[in-house]
Amino acid sequence: MSTLSRMSLRIRVRPLRSASAPGVETTLGAVVVVLFALVALAAPLLAPYDPHAFSGQPLERPSPAHPLGTNDAGQDILSELLYGARISLAAGLGAALGTVALGLLVGAIAGYAGGPLDLLLMRLVDVMLTLPRLPFLILLAAFLGSGLVQTMTIISLLFWPATARVIRAQVQSQRQRGYVRMARNFGAGTGYVLRRHILPSIAPLIAFGLVAAAGRAVAMEAGLAFLGLGDPTAKSWGLMMRFALNLPGLLLTDRWLWWLLPPGLCITLLILALSYLGMGLEERWQPRLRRR
Amino acid sequence: MMLRRPSTQRTWIALSLIVVLLLAACGTELTVTDSPTSPAQPTAHLPIAEPAAQAPYVGTLRLPSGGYWGHPSPFGFNRGPGFSRASLVFDTLVWRDASGETIPWLATDWSLSDDELTWTFTLREGVQWQDGQPLTADDVAFSIDYYLAHPGAGWFMAQVNEVESAIVVGEDQVAIRLVRPYAPFLQTIAEAVLIFPRHIWQDVTDPQAFAEPAAFIGSGAYRLVEFSQEESTYLFEANPDFFLGLPYVRRIEFVPTSDDILALSNGDVAAFDKFGGVTQEMLEPFRQEPFAIQEAPGEWGMFLYFNLEKETPLRDVRVRQAIAHAIDRQAMVDRILFGFGGPGSPGFLPPSNPMYNPNVRDYPVDLEQAKALLAEAGYDSTPIQIAYSPDWIMASPRVVEIVEAGLSEIGIILDKVSMDQATIDAVANEGSYEILITGFGGLGGDADQLRRSFASSSQSRGFSRALGYSNAKFDALAAAQVLMTDPAQREAALNEMQAILAEDLPALALYYTTRVVVYNAEAFDNWYFTPGGYGGGIPQPYNKHQFIVGVPEGLAIRGGE
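Residues numbered from 1 in each chain as written. Chains lettered and ligands numbered in written order. Predicted model: local features only at pLDDT ≥ 70, side-chain atom pairs only at ≥ 80, totals over all residues.

1. Some thoughts on the overall build of chain A
Which entries qualify depends on this criterion: Helix numbering and strand numbering both begin at the N terminus, where a helix is a DSSP run of H or I of at least 4 residues and a strand a DSSP run of E of at least 2. To sort residues by exposure, count the other C-beta atoms lying within 10 Å of each residue's C-beta; 20 or more gives buried, 12 or fewer gives exposed, and values between give partly exposed, all with C-beta atoms placed from the backbone. A residue pair is marked as a contact if its C-beta atoms, positioned from the backbone, fall within 7 Å.
Tallying secondary structure elements over chain A gives twelve helices and zero strands in all. When the helices and strands of chain A are listed from N to C terminus, the series reads α-α-α-α-α-α-α-α-α-α-α-α. The buried share of chain A, taken over its 292 residues, is 48%. Of the contacts formed within chain A by residues at least 6 apart in sequence, a portion of 70% connects residues at least 24 apart.

2. Some words on the packing of helix α4 (residues 77–113) of chain A against helix α7 (residues 148–176) of chain A
For any two helices packed against each other, one specifies the inter-axial angle together with the distance between the axes. All names here are of chain A. Convention followed: Every axis corresponds to a line fitted to the C-alpha atoms, with the helix fit spanning only the stretch in contact, and the corresponding angles, defined between N-to-C directions, vary from 0 to 180 degrees. If you view the pair so one helix is near and one far, a crossing is left-handed when the near helix is turned anticlockwise from the far one by less than a right angle, and right-handed when it is turned clockwise. In the scheme used here, Gly and all other residues not listed as nonpolar or charged are polar, with Ala, Val, Leu, Ile, Met, Phe, Trp, Tyr, Cys and Pro taken as nonpolar and Asp, Glu, Lys and Arg as charged.
At a minimum axis separation of 5 Å, α4 and α7 run at an interaxial angle of 35 degrees. Relative to α7, α4 is oriented so that their crossing is right-handed. Partitioning the contact of α4 with α7 into residue classes produces 19 nonpolar, eleven polar and three charged.

3. A few points about the confidence of the model for chain B
All names here are of chain B. To keep it simple, the criterion reads: Each residue carries a pLDDT score, the predictor's confidence in it, ranging from 0 to 100.
Looking at chain B as a whole, the pLDDT averages 86, with 89% of positions reaching at least 70. Scored below 50 in pLDDT, residues 1–47 makes 87 contacts in the model with residues more than four places away or belonging to other chains. A low-confidence stretch, residues 49–54 stays under pLDDT 50, and its non-local contacts, those more than four residues away or across chains, total twelve contacts. Interface confidence for the predicted complex, expressed as ipTM, amounts to 0.76; the pTM equals 0.78.

4. Re α4 of chain A
The following threshold applies: By this rule the span expected of a helix is its residue count minus one, scaled by 1.5 Å.
Here α4 of chain A spans 53 Å end to end across 37 residues, near enough to the 54 Å set by a 1.5 Å rise per residue. Immediately beyond the C-terminal end of α4 of chain A, within one or two residues, lies G114 of chain A, with a positive phi of roughly 65 degrees.

5. Some points on the sheet that holds strand β7 (residues 173–178) of chain B
All names here are of chain B. Convention followed: We call two strands paired when DSSP finds no fewer than two bridges between them.
As summarised here, the arrangement of the four strands in space is β4-β5-β7-β6, forming an open sheet in which the pairing is antiparallel. Looking along the sheet, the strands with just one partner apiece sit at the ends: β4 (107–112) and β6 (163–170). Each strand axis lies, on average, 20 degrees off the axis of its neighbour in the sheet, ignoring direction. Pairing analysis gives six bridges linking β6 to β7, with the strands arranged antiparallel.

6. Let's talk about unusual backbone geometry
Among all residues except glycine, the phi angle is most often negative; among peptide bonds, the trans geometry is most common. Residues and elements named next belong to chain B. In this structure, P290 follows E289 across a cis peptide bond, with omega equal to 5 degrees. Here P290 is to be found in the loop between α8 (280–283) and β12 (291–306). One non-glycine residue, F348, adopts positive backbone phi at about 85 degrees. With respect to the element layout, F348 can be found in the loop between β13 (341–343) and α11 (367–377). Residue L505 is not a glycine yet carries a positive backbone phi of 45 degrees. Secondary-structure assignment places L505 in the loop between α16 (487–504) and β17 (507–520).

7. A look at the nonpolar core
Residue and element names in this part refer to chain A. As a reminder of what qualifies: The nonpolar core criterion groups buried Ala, Val, Leu, Ile, Met, Phe, Trp, Tyr and Cys residues into a set whenever they are joined through C-beta atoms within 7 Å.
The biggest cluster of nonpolar side chains holds 235 residues, and the ones touching the most others in it are V218 and A244. Broken down by element, the residue count for this core peaks at 17 residues, all from helix α9 (residues 190–226). Discounting chain neighbours no more than four positions away, the residues touching A244 are L250, W256, W259 and L260.

8. Things to note about the sheet that holds strand β9 (residues 233–238) of chain B
All names here are of chain B. Overall, mixed pairing links the four strands, which are arranged β1-β10-β9-β8 in an open sheet. Two strands close off the open sheet at either side, each with one partner strand: β1 (61–64) and β8 (222–228). Looking at each pair of strands side by side, their axes are set apart by 15 degrees on average, direction ignored. Sheet contacts for helix α3 (residues 79–89): β8, β9 and β10 (251–255); angle to β8, the most-contacted strand, approximately 135 degrees.

9. Observations regarding the packing of helix α15 (residues 472–483) of chain B against α16 of chain B
Residue and element names in this part refer to chain B. Let me state the cut-off plainly: With respect to orientation, any angle under 35 degrees is reported as roughly parallel, any angle over 145 as roughly antiparallel, any angle of 65 to 115 as roughly perpendicular, and every other angle as oblique.
Orientation of α15 relative to α16, taken along the N-to-C sense of each, is 150 degrees, at an axis distance of 9 Å. As summarised for this structure, α15 and α16 are arranged roughly antiparallel, according to the angle between their axes. As for how α15 packs across α16, the hand of that crossing is left-handed. Residues K473, F474, L477, A478, A480 and Q481 of α15 form the contact with α16, whose own contacting residues are R490, A493, L494, E496, M497 and I500. Of the residues that constitute the contact of α15 with α16, the class distribution is eight nonpolar, one polar and three charged.

10. Regarding helix α13 (residues 421–430) of chain B
Residues and elements named next belong to chain B. Definition in use: The arc refers to the directions leading from the helix axis to the C-beta atoms.
Looking at α13, one finds that the buried residues are Q421, I424, D425 and A428. For α13, the buried positions fall inside an angular range of 95 degrees around the axis, keeping them on one side. At the exit of α13 stands G431, carrying a positive phi of roughly 80 degrees.

11. Quick notes on the pairing of β7 of chain B
All names here are of chain B. Bridge count for strand β5 (residues 118–123) against β7 is five bridges, and the pairing is antiparallel. Along β7, the bridge assignment pairs W119 with I176. Linking β6 back to β7 in an antiparallel pair, the connection comprises two residues.

12. What to know about the confidence of the model for chain A
The predicted model of chain A has a mean per-residue pLDDT of 84, with 89% of residues at 70 or higher. Within chain A, helix α1 (residues 2–13) of chain A has the poorest average pLDDT of any element, 45, and helix α3 (residues 43–46) of chain A the best, 93.

13. Side note on the pairing of strand β16 (residues 435–440) of chain B
Residue and element names in this part refer to chain B. A large share of β16 lies buried, amounting to six of its six residues. The pairing of β12 with β16 spans six bridges and is classified as antiparallel. Bridge pairing links G301 to F440 in β16. Where strand β14 (residues 384–388) meets β16, two bridges bridge the pair, whose relative direction is parallel. Among the inter-strand pairings, A387 is bridged to a residue of β16, identified as L436.

Written as structure tokens, this is what we have:
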């Protein structure tokens, strides 16, 4: 799964366009994300069956009754896939909020306070960044147990430092700006300055941070589920792949085409879309990137 | 006992595989099928064995390891697969072959005294430890004493608490004195207690932790060459000084595989076994030469254990009966085993056990009946915790789904807790569960296991032990059947015990799996399932006897002089 997140990173960094505002990729990304969100919301209406219901015989091939066949327990794969969007997006959203909230808190405090507190918090960030993620992830998952909330917590705990760093840098640079110093000289309190001047200046960073974290969180959630560290009875894409690969000889038949590939493609597509969206936002708010 | 945890290795192979698959989106099967190589043998396509026609023996037999099963010392292994590995290096007094009869092993002769309290064993002459020291009657007595002095440390299927003492009575004779007459002695003690050397173990105080090279010196047909926890590999080489002669299979390797079916068809392993979880379609390619398939009825089962020590609604027998009525056990057979097995009997023992009683109270799926029982018991929607391990190849998440589907219909709320398989065993021991989903084998072994698991006086610990269950009538029958020498009388007692269990349901058998071994007959053709299991009741197809002698029965080594 780290490979997946690295993949998203690589795609994000690649300069895809050189010209001005909302590029086609950004729009496409946004559209796909919205589509997935709609699917997630409308899953009960769209899905032919309850994904937990034993609606068919085990391992049925695709048919009008089960467009993507059934899994090993005889549950409709299409329904699983549609409901899986809920878990992926919920994990993405929840973990992104958690990551950004933690990052914002630490970054803003460090950047604004400066001095020893800044030093302390940034060293903590450094330490967190050097921690090998996968073992740490597994350790946390083992202690916190399985479940969507735990998964979101774990991802938030892992990814906040990068966000904190970016936000701290921005806060620090804003703090030095003339107008902020002016406001402070005129007697503006910390709260006022933060609210009135600093926060608006980092808002785009927050928006971008949310989207980027969501992309990583989707990959992480799928990865955790795949490794068996999520709730094993949930209907998530990562788990669907795990169950598919758990079937002996899956790849000797063409069953992987409708069981393994669809959740894999969904994960890839969602991450890709979030990455494009994030990239678009980043370029929009950091015009320097555009000139590359 | 066929519980597998996907090793990190396997997971990583699978993971990288997925990424390849994702990136290539329409990648061909070829890129994928090439993957299951073992780290111990990076070049995966080494010949598994010399063709049987050319050589009078099998050079190397490579088998899927299915995970890490502890270190193969007499005290370091886990569960049945672990015992199977340790038994390659260590011997027992007697053993059994494909006939299911007890055969001589370290002991050539044995007799039971008239009061049925003392077994006397005559040891084989000239047996040596792998370090060249002679194996003596003193070593045998020492081993049994050591087991007695370290309760709970050894193989849980070995019922040493029935033994009072072991005494050397001659240069090559040992007398084992029992606490009381104990009918299944030969299978659950003489065949299950591994004998180890006094000169190495006499100063060892923590037997489970002892893992120095000396810990792996036995008298067995194979020497342990190496094992690796990280890679789940085990490598054994034939012991040229083995008392029966040089074994038929010269080298046994257990290696990790990501997909057994692919590994066997690619020639990476010589066989794999499954307890359910395969379909006829998957086995189809192996129904022609050089492959072959053997099946045996279920001696491995999946169970719900109800902890009656804890203050939960489960203490009311009607709640347990309601649960039994709500769970579709046949659906488990269809959807989890793909038909390779049968639904659990409320009397606990499977139909493959000679003492199986088919005429016990049954619990057909009946939601109305279940709801009525719950209402009678006054169940107030208290959530009941259910602990299970998602690691098992037996797909216990699917078991949970089917259990949950049934119980939610009748309004029982489950609080699901997942943990790894080792933790499940620990939790079973500690009794820190409410409902436990667990699986184990040995169900075809002697029916005295009912007493060990369910009698309130039983000293037995381990994952098959029911907690907090006490039924005076059951206890009386359980104590009596051990002493019964008339088979018909004993069978009647055991039948009644099953009938009581079916009423009381301290545990509910969900299903029993058909066992399948699929193998490449050119690599090794002497596979069999041991009737009643080996080493105290292990239902796997890895009886060392078949590797050592190369034929189903007897002690004469195939191709030997």
